[in-house]
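Working through the structure, step by step
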2 protein chains.
Amino acid sequence: MEVTNADYQTIDLQKKLKVFFQEDEKHHEFCPVRDIMDRFGDKWSLLAILNLGYSGKTRFNELRKKIDGISQRMLTVTLRSLERDGLITRKIYAEVPPRVEYELTSLGTSLLQQILGLAQWASGNMGEIAQSRLEYDSKLQ
Amino acid sequence: MEVTNADYQTIDLQKKLKVFFQEDEKHHEFCPVRDIMDRFGDKWSLLAILNLGYSGKTRFNELRKKIDGISQRMLTVTLRSLERDGLITRKIYAEVPPRVEYELTSLGTSLLQQILGLAQWASGNMGEIAQSRLEYDSKLQ
DNA sequence: CCGTATCCAACAGGATACTG
DNA sequence: CAGTATCCTGTTGGATACGG
């Protein structure tokens, strides 16, 4: 019986899933999936991290221009919560007018790698998804 | 000048980011990051995909037991939107009582890989995040 | 320039009751 | 068993105005 490359990937995936679910049980009432969703399931966190990764150290209004459509309030809220989680740093320079620079921490950068994987997947498969939606909707008359 | 392993990783990450942002510009008003967040930024989609990946073909109420806390309504809503996007299949068996089985498509499985990466990251770093939150909160008096 | 404060609309999603 | 249908509440986040 032949074992293909795809088989190996499937086996590997199953193994990882098993490990993950076993780990998950230990945490009991603190499920990591739920926790990341509470954290990054908002509208702007992933975009902020991606942009900070791409641009490096960035000022508040710079970032605001890069993240299209974000309001001043939401950028503040988003950056604060990322800072609270240790994913970014916030440096204030005592100048007039004030200058504030945000930057990913190493923890934030490690998260960026995962997010980028997800973003690349989305970028590569958005066509197929859009197609699937069209077919699905057309079948509902 | 010495070039460390970490340096290589950083360069690689920067390259990927650059490619991604260039791709992103092409899509114009259809940003993949925003799109995935609209899709998976809800409360249950990621959990449903992870569980379907772990359990394979699964019936409605089986899945409901595995995804702790989900309501009947939200499981239906979540599964429908995943089906619409071509990430899962829904098979109805003409039996009494009815049996309906859900299963990841290959597209869904490819997404699962990315999600698992994110989930593992979360599982591995939740301690550090919790610690950071404690410190942050304590500094606010 | 970089925020905070307040107000408010939209929507996600829970509870419950009912059906093929 | 596997769903709809309806109702209702809490939260997200946009708009706007103001402050250090």
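Refer to the structure presented above.
Residues and elements named next belong to chain A. Taken together, the side chains of Val 3, Tyr 8 and Ile 11 present a nonpolar region at the surface, about 320 Å² in accessible area. Relative to the assigned elements, Tyr 8 resides in helix H1 (residues 5-27). The class for Tyr 8 is exposed, based on a relative accessible area of 54%.

A separate point is the nonpolar core. For soluble globular proteins, the rule of thumb is that nonpolar side chains tend to be buried together. Judged by nonpolar contacts, the single largest core of 76 residues is most densely connected at Leu 50 of chain A together with Leu 50 of chain B. Each residue touching Leu 50 of chain A, except ones within four places of it in the same chain, is listed here: Leu 112, Ile 115, Leu 116 and Ala 119 of chain A together with Leu 17, Phe 20, Phe 21 and Val 33 of chain B.

Attention now goes to the protein's contact with DNA strand C. Lining the immediate environment of DNA strand C, one finds 19 residues, of which Gln 72, Thr 76, Arg 90 and Tyr 102 of chain A together with Arg 73 of chain B sit closest. When atoms of DNA strand C within 4 Å of the protein are split into backbone and base, the sugar-phosphate part holds 57%. A distance of 3.0 Å is found between a phosphate oxygen of DNA strand C and a side-chain nitrogen or oxygen belonging to Asn 61 of chain A. A distance of 3.0 Å is found between a phosphate oxygen of DNA strand C and a side-chain nitrogen or oxygen belonging to Arg 80 of chain A. At the level of secondary structure, the elements contributing two or more residues to the surface near DNA strand C comprise helix H4 (60-66), helix H5 (72-84) and strand S3 (99-104) of chain A together with helix H5 (72-84) of chain B. Sort the elements by how many residues they give to the surface near DNA strand C and H5 of chain A lands first, with four residues.

Turning next to empty space enclosed by the protein. Considering all chains together, one arrives at five cavities of 30 Å³ or more under this definition. If you add up the space inside the largest cavity, you get close to 60 Å³. In terms of lining, the largest cavity is formed by Ile 36, Met 37, Phe 40, Leu 46 and Leu 118 of chain A together with Met 37, Phe 40, Leu 46 and Leu 118 of chain B. Of all the secondary-structure elements, those providing two or more residues to the lining of the largest cavity are helix H2 (32-40) of chain A together with helix H2 (32-40) of chain B.

The interface of chain B with chain A comprises 60 residues on the first partner and 60 residues on the second. Summed over both partners, the interface of chain B with chain A buries about 5800 Å², with 69% contributed by carbon and sulfur atoms. For the interface between chain B and chain A, the tally reads four salt bridges. Arg 133 of chain A is paired through a salt bridge with Asp 85 of chain B; the nearest N and O atoms lie 2.6 Å apart. Going through the elements one at a time, helix H1 (5-27), H2, helix H3 (45-55), H5 and helix H6 (106-138) of chain B are the ones with two or more residues in the side of chain B that touches chain A. Tallying contributions element by element places H6 of chain B first for the side of chain B that touches chain A, with 24 residues. Grouping the constituent residues of the side of chain B that touches chain A by class yields 29 nonpolar, 16 polar and 15 charged.

Time to look at the pattern of salt bridges. Considering all chains together, one arrives at twelve salt bridges over all chains under this definition. Arg 99 of chain A serves as the salt-bridge partner of Glu 95 of chain A, at 2.8 Å between the closest nitrogen and oxygen. For Glu 95 of chain A, a relative accessible area of 36% gives the class partly exposed. One connected set of salt bridges, linked through shared partners, spans Arg 39 and Asp 85 of chain A together with Arg 133 of chain B.

Time to look at the relation of the copies chain B and chain A. Superposing chain B onto chain A takes a rotation of 180° combined with a translation of 0.0 Å along the rotation axis, leaving an RMSD of 0.1 Å. Overall, the copies show the geometry of a two-fold rotation axis. Judged by C-alpha distance, Gly 41 of chain B is the residue of chain B that lies nearest the rotation axis, at 2.1 Å.

Moving on: the protein's contact with DNA strand D. Within the structure, DNA strand D sits among 20 residues, and Arg 73 of chain A together with Gln 72, Arg 80, Arg 90 and Tyr 102 of chain B are positioned closest to it. Residue Arg 80 of chain B places a side-chain N or O atom 2.6 Å away from a phosphate oxygen belonging to DNA strand D. Those elements that provide at least two residues to the surface near DNA strand D are H5 of chain A together with helix H4 (60-66), H5 and strand S3 (99-104) of chain B. Among the elements that line the surface near DNA strand D, the one with the most residues is H5 of chain B, at four residues. A per-class count over the surface near DNA strand D returns eight nonpolar, four polar and eight charged.

Conventions we followed
- Residues numbered from 1 in each chain as written.
- Chains lettered and ligands numbered in written order.
- Predicted model: local features only at pLDDT ≥ 70, side-chain atom pairs only at ≥ 80, totals over all residues.
- Heavy atoms only, no water.
- Patch = residues over 30% accessible without salt bridge, like charges linked within 9 Å, V, L, I, M, F, W, Y side chains within 5 Å.
- Areas by Shrake-Rupley, 256 points an atom, 1.4 Å probe, with all protein chains shown as cover.
- Salt bridge = Lys/Arg side-chain N within 4 Å of Asp/Glu carboxyl O.
- Helix = DSSP H or I, 4+ residues; strand = E, 2+ residues; numbered from the N terminus.
- Buried < 20%, exposed > 50% of the residue type's maximum accessible area, 1.4 Å probe, protein only.
- Core = buried A, V, L, I, M, F, W, Y, C linked by side-chain atoms within 4.5 Å.
- Contact = heavy atoms within 4.5 Å.
- Near = heavy atom within 4 Å.
- Polar contact = N/O pair within 3.5 Å; in protein donor to acceptor, adjacent residues only side chain to side chain.
- 1 Å grid on protein atoms, 1.4 Å probe; cavity = no way out; pocket = protein on both sides within 12 Å on 5 of 7 lines; lining within 4 Å.
- Points joined across faces, edges and corners; volume = space filled by probe spheres on them.
- Buried area = accessible area lost by both parts, 1.4 Å probe.
- Nonpolar A, V, L, I, M, F, W, Y, C, P; charged D, E, K, R; others polar.
- Least-squares fit on C-alpha atoms with pLDDT ≥ 70 in both.

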